[in-house]
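Below are the chains, spelled out letter by letter.
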Amino acid sequence: MEMRRKGDIPAARIVVFIFICVLAAGIVGFFPFFLTKTIDNETHSYLSEISEKNANLIGHEISSQMTLIEKMVESADVDELPDLEATMKSIYHDGSTGTYTRYGLSLPDGTTYTSDKGYIDLPYSKYVDMTFESKTHNICKVSADESIDGAEMFAIHYPIIKDDEVVAVFFLSVNSEALKEHLSSSSFSGQEFMAIVDHEGETMLYGKNNMFSETSINADNYIDEIAQNLEDGEKAKENIKSDIALGNSGILDITYNEEGYYIYYSPLNFNNWYLFSCIPKDAVTSTRNTIIAYVTLACVFIVIAFFMFALYVMLAEREKRRQFNKILHKDSLTGGLSYAKFCVEVKNDLFRRRAHYAFIVMDIDNFKHINNVYGYEFGNKTIRYLHTLWLDMLEEGEYVARNSAEKYVVLLKYDDKDALIARLEAFAQRCTKFYDNNMSDYMLTPSLGVYFIPKGEKNIQNMQTRAAMARATIKGSYSEHVAVYNEKIQKEQSEKKSLEDELERALENGRLRVYFQPQFDTFTKEIRGAEALVRWIRADGSYASPNEFISLAEERGIIRELDKYVYRHVCEYQVDWEKSGLEPIDFSVNFSQNSISDVDFASQCKNWAISKNANIDHLQIEVTETALFKGRESIADVLENLRYYGFKILMDDFGTGYSSLMSLKDMPIDFLKLDKTFIDEYDTSRGRIIFECVIDIAKKLNITLIAEGVEKEEQYEYLKRFEVDMVQGFLFSKPLPYEDLKKLFKNNRHKD
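Every value quoted in this text rests on a predicted model; they were computed, and no experiment measured them.

Thresholds applied
Residues numbered from 1 in each chain as written. Predicted model: local features only at pLDDT ≥ 70, side-chain atom pairs only at ≥ 80, totals over all residues. Heavy atoms only, no water. Helix = DSSP H or I, 4+ residues; strand = E, 2+ residues; numbered from the N terminus. Buried < 20%, exposed > 50% of the residue type's maximum accessible area, 1.4 Å probe, protein only. Areas by Shrake-Rupley, 256 points an atom, 1.4 Å probe, with all protein chains shown as cover. Pairing = 2+ DSSP bridges. Axes fitted to C-alpha atoms, helices over the stretch in contact; angles between N-to-C directions. Contact = heavy atoms within 4.5 Å. Patch = residues over 30% accessible without salt bridge, like charges linked within 9 Å, V, L, I, M, F, W, Y side chains within 5 Å. Salt bridge = Lys/Arg side-chain N within 4 Å of Asp/Glu carboxyl O. Core = buried A, V, L, I, M, F, W, Y, C linked by side-chain atoms within 4.5 Å. Parallel < 35°, antiparallel > 145°, perpendicular 65-115°, else oblique. Left-handed = near helix turned anticlockwise from the far one by under 90°. Nonpolar A, V, L, I, M, F, W, Y, C, P; charged D, E, K, R; others polar. pLDDT = per-residue confidence, 0-100. Expected span 1.5 Å × (residues − 1). Lys, Arg positive; Asp, Glu negative; His and termini not counted. Charge placed at Lys NZ, Arg CZ, Asp CG, Glu CD. Phe/Tyr/Trp six-rings, centres within 6.5 Å; stacked < 30°, edge-to-face > 60°. Lys NZ or Arg CZ within 6 Å of the ring centre and 35° of its normal.

Draft legend 1. Geometry of the overall build of the chain. Within the chain, the secondary structure is distributed over 24 helices and 28 strands. Relative to its 752 residues, the chain shows a buried fraction of 47%. Accessible surface, the chain: about 38800 Å² in total, of which carbon and sulfur atoms supply 51%.

Below, the structure is given as structure tokens:
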């Protein structure tokens, strides 16, 4: 691989570094200007929002009061007119004026009665006359000269109409000081100054927080005063009045007495009045300048921090590369070589070719079961244990690495091929049992494929593939652990792959058939049960051996689908059996260890049976003794759940496993099926002694005994003498299709 020149990377870094520095300096210089414009725009938006909010609040307050007056007027007893005092009493009951100075009624002839002074001459009667004429309510400002009390106030007039004529005007007045509370604002530290202006610009009311009493805008005509402080005042005045006429809002930027102000005006939607909000610029810009100062300082700090960070990155880069190489070359689980590093070392040694080499591929049969039953942490501990075993046997110039999960690849040296095979056999024996202080003993079953590397070959993938092909020939075998690749294996693997594909298609297309081996009462010879067996009729009409295609299903990973296929058919046949009116018998189904190791297996069996309306009381679940031994504690829990749901448990192939008596002690067994090897050796003295002991133990444990593989009359008589409960085998019947089983059962029940 071509190497980079030493100066390439630093030069590129310098260019990038300079570019970033220029960019950072530009940002520091431009950002305050950009931020100023942004804040000004946001300020105008905020002013608009605040002013609109205040206008809505004040408008809402006035509208609420008008609604209150309207309700009061509706309660007026007009039949009492022209008796104003009586009419007033019908409107006003409790004598409280609340925020209002007084209430009153006026007649068309000018007679006026008020809540606090009785009959009076109203000084500002022109506003009452306007209400009589317009027949609509109005609000007016009453000067101190016109006021009864000599104080500025606001009066609200509301017509009382009868027969489409205004017969009286109801009015109430409020002191201006009370209304000024609504023009007070806490925005901008209380420096906001508000005023209500009519459509001509006349100032109706100023807020209480007029902090600029000496120098502030405080004219009779607010719009005229504003126009005088703008460059093009007349035009601005026209624009403001145009906005008011159209009901629009607007914002102004003025200077008054050498102080800057923002003025925002917004309609109150009442009497064509407007709310003008005046805010000193200092109240806004002081905050803006503070923000800009802080942001500028932050930008400078960021640039400095960037320089420091860049320096840190440059200094830390070598360490990061070192760590990366460590991760790349080291297996995170075992701490040994990674697969990538293994390949590099193997290529180097093969290139130098200092010895004869063999490539080995190893994995553990059904390792997924360990993870499913004992958990992934226990599985990881097992993998580390295997790695330690390999390290203990490796010599200098030999390598091992984990390829994936529990699969290992190994390069070993050899002088003699047989000696290497013996070395691997010894290793396999060390693997067979793995003990953990917190778990039961668990037997590991390793499969090792060996490929002797010919001189000149350097393709690691090819070596690995051929070693894996050799390993596949013994996978699942409990007696063989090491297989050596040859051309015959390649041919057999190709044929096996073709057969696997055909089996999977047969399972998908329903070309598998369920047969039944009848089970007979030893004494009455009546059929009491039937064991389900699967038969594969191939496309050419030939029968495939169950021993052959069941192991294929396990290797292909479709054994669970096959178990489920048989079980569902048995459920359907059990339902048909009862519908046919036949005396019930038990149907048994043999499940693989792969299926039973699933923690949900019991509930799945129950749900499948329910979905077919099958009677669980007449279904037996068969498990082999070997399967029970491989995951004793977890499978015991599964079997207990099955019994809880109503299934019967049958141990198959008893006597062929590793610890038969231990299985009887630990497992919840209802039926025990004696393997054919027991029956075949009944006539030997040692075989007879063991056989009789097993029968005695089973009876004491209240377990029903079934003898399979009974082919001779002498065997049957022997079993009957020792009171074995049930028998099955070719002496009585070969496996039958379901319909033939029904016929045999009917004949069996009706024989003389």
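Still more to cover.
Draft legend 2. A look at the sheet that holds strand β18 (residues 482-484). Read across the open sheet, the five strands follow the order β13-β14-β12-β17-β18; overall the sheet is mixed. Bordering the open sheet on either side are β13 (399-404) and β18, each of which pairs with just one other strand. The mean inter-strand angle of the sheet, taken between neighbouring strand axes irrespective of direction, is 25°. Pairing of strand β17 (residues 446-452) with β18, which is carried by three bridges, proceeds in the parallel orientation. Note that in β18 the partner of Leu448 across the bridge is Val482.

Draft legend 3. Structural detail: the sheet that holds strand β3 (residues 118-120). Read across the open sheet, the six strands follow the order β3-β2-β1-β6-β5-β4; overall the sheet is antiparallel. Looking along the sheet, the strands with just one partner apiece sit at the ends: β3 and β4 (138-142). Within this sheet the neighbouring strands show an average axis-to-axis angle of 25°, counted without direction. Examined bridge by bridge, β4 and strand β5 (residues 153-162) share five bridges and lie antiparallel to one another. Bridging across to β5, Cys140 finds its partner in Ala155. Packed onto the sheet, helix α2 (residues 84-91) meets β1 (102-106), β2 (112-114), β3, β5 and β6 (165-175) and runs at close to 130° relative to β1. Strand contacts of helix α3 (residues 125-134): β1, β4, β5 and β6, with the helix running at about 140° to β6, the strand carrying the most contacts.

Draft legend 4. View of a nonpolar patch on the surface. Nonpolar side chains collect at one region of the surface, where Val300, Ile304 and Met308 lie side by side and expose about 290 Å² of accessible area between them. Within the fold, Met308 resides in helix α7 (residues 281-329).

Draft legend 5. Examining the nonpolar core more closely. Formed by 75 residues in total, the largest nonpolar core has its most connected members in Tyr567, Leu642 and Leu672. The residues touching Leu642, leaving out its near neighbours within four places in the chain, are Phe601, Ala602, Cys605, Ile621, Phe647 and Ile649. Among the nonpolar cores identified, the runner-up in size contains 35 residues, and Phe170, Met204, Leu205 and Phe270 belong to it.

Draft legend 6. Examining the pairing of strand β24 (residues 648-654) more closely. Among the seven residues in β24, five count as buried, and that is most of the element. Pairing analysis gives five bridges linking strand β23 (residues 619-624) to β24, with the strands arranged parallel. Among the inter-strand pairings, Val623 is bridged to a residue of β24, identified as Met651.

Draft legend 7. Representation of the packing of helix α15 (residues 559-579) against helix α17 (residues 601-611) in the model. Where α15 meets α17, the closest approach of the two axes is 9 Å, and the angle between their N-to-C directions is 40°. Comparing their axes, α17 and α15 come out oblique. With respect to the hand of their crossing, α15 and α17 are arranged in right-handed fashion. Here Lys564, Tyr567, Arg568 and Cys571 of α15 come into contact with α17, specifically with Cys605, Trp608 and Ala609. The class makeup of the residues in the contact of α15 with α17 is five nonpolar, no polar and two charged.

Draft legend 8. Structural detail: the confidence of the model for the chain. Mean pLDDT over the chain stands at 80; residues scoring 70 or higher make up 85%. In the model, residues 1-9 has pLDDT below 50 throughout and makes two contacts with residues more than four positions away in sequence or in other chains. Per-residue pLDDT stays below 50 along residues 211-217; that stretch engages in 18 contacts with residues further than four places along the chain or on separate chains.

Draft legend 9. Representation of the pairing of β23 within the structure. Across the six residues of β23, five count as buried, placing the element largely inside the fold. As paired elements, strand β22 (residues 586-590) and β23 share four bridges and run parallel to each other. Note that in β23 the partner of Phe587 across the bridge is Leu619.

Draft legend 10. Local environment of the side chain of Arg535. Relative to the assigned elements, Arg535 resides in strand β20 (residues 527-537). Not counting the four nearest positions on each side in its chain, Arg535 is found in contact with Arg511, Leu512, Arg513, Tyr515, Tyr543, Pro546 and Pro735.

Draft legend 11. Spatial organisation of unusual backbone geometry. Positive phi, close to 60°, is recorded for Lys135, a residue that is not glycine. With respect to the secondary-structure elements, Lys135 resides in the loop between α3 and β4. Located in the positive-phi region is Glu723, a residue other than glycine, with phi close to 60°. Inspection of the secondary structure assignment puts Glu723 in the loop between α23 (713-721) and β27 (726-727). Among the residues examined, Glu723 registers a relative accessible area of 46% and is labelled partly exposed.

Draft legend 12. Geometry of α15. The end-to-end C-alpha separation of α15 is 31 Å, in line with the 30 Å expected for 21 residues at 1.5 Å each. Within α15 the residues assigned to the buried category are Ile559, Leu562, Asp563, Tyr565, Val566, Tyr567, Val570, Cys571, Gln574, Val575 and Trp577. Downstream of α15 by one or two residues, Gly581 has phi in the positive range, about 80°.

Draft legend 13. The arrangement of a negative patch on the surface in detail. Where like charges cluster on the molecular surface, the negative patch consists of Glu231, Asp232, Glu234 and Glu238. Take Glu238: it is sitting in helix α6 (residues 233-246).

Draft legend 14. Local environment of the packing of aromatic side chains. Evaluated as defined, the whole model comprises 25 aromatic pairs. Pairing Tyr113 with Tyr119 gives two aromatic rings, centres 4.9 Å apart and planes at 70°, and the pair type is edge-to-face. Between the aromatic rings of Tyr265 and Tyr274, the centroid separation amounts to 6.3 Å while the plane-to-plane angle is 50°, which identifies the pairing as tilted. Taken individually, Tyr265 and Tyr274 each receive the classification buried, so the pair is uniform in this respect. A network of ring pairs unites the aromatic residues Phe516, Tyr573, Trp577, Phe587, Tyr738 and Phe745 as a single cluster. Cation over ring: Arg538 sits above Trp536, and NZ or CZ is 5.5 Å from the ring centre.

Draft legend 15. Geometry of the packing of helix α13 (residues 487-509) against helix α14 (residues 546-556). Where α13 meets α14, the closest approach of the two axes is 10 Å, and the angle between their N-to-C directions is 90°. Classified by the interaxial angle, the pair formed by α13 and α14 is roughly perpendicular. Where α13 abuts α14, its residues Lys496, Lys497, Leu499, Glu500, Asp501, Leu503 and Glu504 lie against Glu548, Phe549, Leu552, Ala553, Glu555 and Arg556. For the contact of α13 with α14, the per-class residue count stands at five nonpolar, no polar and eight charged.

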